[in-house]
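Working through the structure, step by step
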Amino acid sequence: MVDAKPRVLFNGDEIAARVREIAGEISAKYPDGGVLFIGILKGSFVFLADLVRAVGRPCHIDFVRISSYGSDTASSGKLDILMDVHIPVRDRHVILVDDIVDTGLTVSQYRERILQMGPRSVEIAALIDKTGRREKHVSLDYCGFRIEGGFVVGYGLDWDERYRYLNSVCLLEGE
Ligand code: 5GP
């Protein structure tokens, strides 16, 4: 993918409009705020930053670093937790914020872990729902954009730590 060229799929204006719409749904559901947003690093950092400011209500924010081993390994279904949530989850409304849901393994397994911590509720917000390789059903409560496949970068998402700074979500072509 070294010579891949990013092609804009969703530009900054389109993303900002979707983030405002999602924030409106969250504000309507939690008019007093108080939500604990948990961003799944690294890719969600831009989406989370824009989302909480668009919601514009008092909230708590934490981050986790996790990855799933994937179904093609002997340890299928195992989560690698590099950094776990620090803010107490018990009795809070939690929204897990992810950049992109692909197989669904990572966010669905982490949701199970959060559920064991006794939250009042757990919802999932993902900037992108990539549907073509889903292995684990994930019910997305808030979804920015839906794509079938391809590798996307920008607006927090990387390829080999590149492209995270882009305003747009771009498809890497020429793989
Ligand atoms: P899964 O849903 O397969 O467990 O994992 C989702 C994670 O895989 C995402 O958080 C992201 O780190 C990575 N990922 C999956 N598809 C893409 C993609 O198209 N672009 C980028 N940059 N990361 C992806």
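Presented here is an overview of the structure given in this document.

What counts, and where the lines are drawn
Residues numbered from 1 in each chain as written. Predicted model: local features only at pLDDT ≥ 70, side-chain atom pairs only at ≥ 80, totals over all residues. Heavy atoms only, no water. Helix = DSSP H or I, 4+ residues; strand = E, 2+ residues; numbered from the N terminus. Buried < 20%, exposed > 50% of the residue type's maximum accessible area, 1.4 Å probe, protein only. Contact = heavy atoms within 4.5 Å. Core = buried A, V, L, I, M, F, W, Y, C linked by side-chain atoms within 4.5 Å.

A few words now on the side chain of Ser 27. You can see Ser 27 is positioned in helix α1 (residues 12–29). Relative accessible area serves as the criterion here: at 11%, Ser 27 is assigned to the buried category. Not counting the four nearest positions on each side in its chain, Ser 27 is found in contact with Val 55 and Arg 57.

Let's shift gears to the environment of Gly 34. Summarising the element assignment, Gly 34 is placed in the loop between α1 and β2 (36–41). Here Gly 34 falls in the partly exposed class, since its relative accessible area comes to 38%. In contact with Gly 34, not counting residues within four places along its chain, are Pro 58, Cys 59 and His 93.

Formed by 29 residues in total, the largest nonpolar core has its most connected members in Ile 26, Phe 37, Phe 47, Leu 51, Ile 95 and Leu 127. Mapped onto this core, the elements with two or more residues apiece are α1, α2 (45–55), β5 (93–101), β6 (121–130), β7 (142–147) and β9 (169–173). When residues in this core are grouped by element, the largest group, six residues, is from α2. Setting aside residues no more than four positions away along its own chain, Phe 47 makes contact with Val 19, Ile 22, Val 97, Asp 98, Ala 125, Ala 126, Leu 127 and Tyr 155. Counting residues in each nonpolar core, the second largest holds 19 residues, with Ile 40, Val 64, Val 94 and Ile 124 among its members.

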